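# Structure at a glance
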Amino acid sequence: MSEQLAISGGIPVRDIQARPWSKWPLYDATEEQALLRVLHSDQWWYVEGAEGKAFEEEFAAYQHAKHAVACVNGTAALEISLRALGVGCGDEVIVPPYTFIATASAVLTVSATPVFVDIEGDTLNIDPAKIEEAITPRTKAIIAVHIAGRPADMDGVMAVARKHNLYVIEDAAQAPAAEWRGTKVGAIGDLGTFSFQASKNLNAGEGGIIVSNNEELIEKAWSVTHVGRVRSGRWYQHEVLGGNYRMTEFQSAILRAQMARLPAQTQKRLENATYLRALLQSFEGVELPREDPRITLHANHLFTFRYKAEAFGGKTKAELIEALIAEGIPCTSGYVPLYKENVFAQAGQRKGAWCQTGRLMDYPNLNLPVCEQVCLENLWFFQQMLLGDSADMEDIANALAKIQRAWR
Ligand SMILES: Cc1ncc(COP(=O)(O)O)c(C=O)c1O
C-alpha cells in the first residue's frame, strides 16, 4: 500500500466526503419548538419574557453559582464584570497572554491597563507562581482564563488574590461544565464569564453570561447590563454608567434547549479526548498537556498538543497543519502572544483616546518565554471533532503516524 501523503497526491487517511466530522451545532425539533414558543408568545424581549430569567436561573444552578446575568456576548460579559468591580482608568488587571483578544481588550475598554503574566507550558493557563511579581499598588483584579476548557489552577490564583486583596474574574468562555475540585468554574472567583458564540460548547450563535455567588456584585453587573438601572428602581432611573447588553428571548430559549444536551456532550468529549490521549501518550514528538487531578471535569473545548519538530524531520508546524488537513484531519495553529497585537502597542503608549493615567507599557518588547514557545509549538483540534466515535480518534493518531513515517 502506498504511504504517499495526501499533500503529495496520496490517499488521505480520512475521506471527509464519505466520513464527515460531527456537524456543529447539533439540534432537533426541541430547538425548533423553543424558537417557535418565543415567536408566538410575542415576547421577544428579556424585560417582558420568561425565557431569559429562566435561563439565568438554570445556568447559575448548573454552574454552582447563586446568581447570573445574561448578556450579548462573552466580550461584553468581561467588560460588564470589570465595570461591576469598579475597575477603571489607571487600574491594572493581570491577564494571561495565551487567550482570545477579549480577555485583555476588555481591560482596555474600561480604560484600565492589562498586565500580562506568563502561562504554564503544560496547561496553557496563567502561572499562579508568576502573578505576585506582577502586582503593583494599582492592581485591582486578576482574570484567570480556562483555556481549551481546562480549569486554571484556581487554588493558586485564589491564594495570591486573597493575599493581595484582589478581585478574580474567571473567563470561562471555553469552559461551561468544567470543574475544579468539584466546583464548576465561574463560581470560584468573584465573577465568572461565559460565551455562547457559535464555536463554543454551549452555542446560541452569540451570547454571554456572568455568574457569581456575590449578590452585591451581581446586582452591579445587572445594572451595567441594563443601562444603569437598579432592579428595584423606576424605569427612568439610572444610577450607574451602563449600556444595553441584554440578550434576546430567542437566544435564551435556544440556550435552554442546548443546555439540556450539555452534560451528555461533555461526557462524550471527555471519553473521546481520553481515548485520543491514550493513543498519543507515547507518541514521539507529540506532547500532551498535564493532567491535574484537581480538575474533576474538563470541558474539552479544544484538544491541544505541542508539536516537537525534531521528531518529524524538522518540518514546521505550518507544514504539519497542511499535511493533517490534507489527510482529512482539520486542525489549527491557535493563538499568537496577545501582547504582540497592535492594539496593545498603541494603548500602552497612550496613542489615541486611551486613559492617560497609569503606567506606560511597552507591550511590543514584552517577551513571556513560555507563551512564546507554546505559540510556536501548539496545535488545536476543535470540540466538535470530539463528538464522534473512537474511529475518529484513531484517524487522528493514524494521520500523525503516517506523516511522521514519511518525514523521518
Ligand atoms: C477565552 C475567551 N474569552 C472571551 C471570549 C469572547 O466571547 P465572545 O466571542 O462571545 O465575545 C472568547 C470567545 O470568543 C474566548 O475564547
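Everything quoted here is computed from the prediction, not taken from an experiment. Within each chain, residues carry numbers counting from 1 in the order of the written sequence. In view of the model being predicted, local features appear only for residues whose pLDDT reaches at least 70, and side-chain atom pairs are presented and counted only at 80 or more, with totals across whole chains, interfaces and linings using the full set of residues.

### Quick look at the site of the ligand
Cut-off, in case you're wondering: Using the backbone to place each C-beta atom, any residue with that atom within 6 Å of a molecule or strand is considered near it. By the convention adopted, Pro, Cys, Tyr, Trp, Phe, Met, Ile, Leu, Val and Ala count as nonpolar, Lys, Arg, Asp and Glu as charged, and the other residues, Gly among them, as polar.
Not every one of the 14 residues close to the ligand is listed here, only the nearest: Asn-73, Gly-74, Thr-75, Ala-173 and Ser-195. Split into classes, the residues belonging to the shell around the ligand amount to four nonpolar, nine polar and one charged.

### Side note on the sheet that holds strand S6 (residues 179-180)
The test is simple: The criterion for strand pairing is that DSSP finds at least two bridges linking the strands in question. Note on conventions: DSSP H or I runs of at least 4 residues are helices, E runs of at least 2 residues are strands, and numbering of each starts at the N terminus.
Strand order in the open sheet formed by three strands is S7-S6-S11, with antiparallel pairing between adjacent strands. Strands at the two margins of the open sheet, each flanked by one partner only, are strand S7 (183-184) and strand S11 (295-297). Here S6 runs beside S7; their pairing, made up of two bridges, is antiparallel. When the bridges of S7 are listed, Glu-179 appears paired with Lys-184.

### Examining the sheet that holds strand S8 (residues 191-195)
Rules: Interaxial angle, 0 to 180 degrees, is taken between N-to-C directions of lines fitted to C-alpha atoms, where a helix line uses only the stretch in contact. Contact definition: two residues whose C-beta atoms, as placed from backbone geometry, lie within 7 Å.
Reading across from one edge, S1-S9-S8-S5-S4-S2-S3 is the order of the seven strands in this open sheet, with mixed pairing throughout. Each of the sheet's edge strands pairs with one partner strand only, and the pair in question is strand S1 (67-71) and strand S3 (113-116). Within the sheet, the average angular offset between the axes of one strand and its neighbour, ignoring direction, is 25°. Here helix H5 (residues 154-163) sits on the sheet and contacts strand S4 (139-145) and strand S5 (167-171); the angle it forms with S4, its principal contact strand, is near 175°.

### A short note on the domain arrangement of the protein
Where interface size is quoted, it is often the accessible area lost as the parts come together. Applied cut-off: For each domain, the first and last residues come from an automatic or database assignment.
With domains assigned, the protein is organised as domain 1 (6-24 + 262-334 + 373-407) and domain 2 (29-258). The straight-line distance from the C-alpha centre of domain 1 to that of domain 2 is 29 Å. At the interface, 18 residues of domain 1 touch 23 residues of domain 2. Partitioned by chemical class, the residues of the side of domain 1 that touches domain 2 number seven nonpolar, nine polar and two charged.

### Concerning the packing of helix H3 (residues 74-84) against helix H6 (residues 215-225)
The test is simple: For classification purposes, an angle smaller than 35 degrees is called roughly parallel, one larger than 145 roughly antiparallel, one from 65 to 115 roughly perpendicular, and anything else oblique. Left-handed describes a crossing whose near helix is turned anticlockwise from the far helix through less than a right angle; right-handed describes the clockwise counterpart.
At their nearest, the axes of H3 and H6 sit 8 Å apart, and the two run at 120° to each other. Between H3 and H6, the angle is such that the two are oblique. As for the relative orientation of H3 and H6, their crossing is right-handed in sense. Between H3, through Ile-80, Ser-81, Arg-83 and Ala-84, and H6, the contact on the second element is made entirely by Leu-217, Lys-220, Ala-221, Val-224 and Thr-225.

### Some remarks on the nonpolar core
Our working definition: Here, a nonpolar core denotes buried Ala, Val, Leu, Ile, Met, Phe, Trp, Tyr and Cys residues that are linked to one another through C-beta atoms within 7 Å. Neighbour counting defines burial: a residue surrounded by 20 or more other C-beta atoms within 10 Å of its own C-beta is buried, one with 12 or fewer is exposed, and intermediate counts give partly exposed, using backbone-placed C-beta atoms.
In terms of nonpolar packing, the biggest core is built from 115 residues, with Cys-71, Ala-141, Ile-142, Ile-209 and Ile-210 touching the most fellow members. Split by domain, the residues of this core number at least three in each of domain 1 (6-24 + 262-334 + 373-407) and domain 2 (29-258). Those residues in contact with Cys-71 that lie beyond four places of it in its chain are Ala-76, Ala-77, Ile-80, Gly-208, Ile-209, Ile-210, Thr-225, Tyr-245, Arg-246 and Met-247.

### Concerning the pairing of strand S9 (residues 208-212)
Of all the five residues making up S9, five are buried; the element is thus mostly covered by neighbouring parts of the structure. Looking at chain direction, S1 and S9 are connected through five bridges and run antiparallel. From the neighbouring strand, Val-69 faces S9, where its bridge partner is Ile-210.

### Quick look at the packing of helix H7 (residues 249-280) against helix H11 (residues 390-407)
Close contact between H7 and H11 brings their axes to 9 Å; oriented N to C, the two are set at 35°. By crossing handedness, the relation of H7 to H11 is classed as right-handed. Packed against H7, whose contacting residues are Asn-272, Tyr-275, Leu-276, Leu-279 and Leu-280, the element H11 presents Ser-390, Met-393, Glu-394, Ile-396 and Ala-397 at the interface. For the contact of H7 with H11, the per-class residue count stands at seven nonpolar, two polar and one charged.

### Some points on unusual backbone geometry
Pro-25 follows Trp-24 through a cis peptide bond whose omega is 5°. Even without being a glycine, Ala-148 presents a positive backbone phi close to 70°. Inspection of the secondary structure puts Ala-148 in the loop between S4 and H5. Here Ala-148 falls in the buried class, since 25 other C-beta atoms lie within 10 Å of it.

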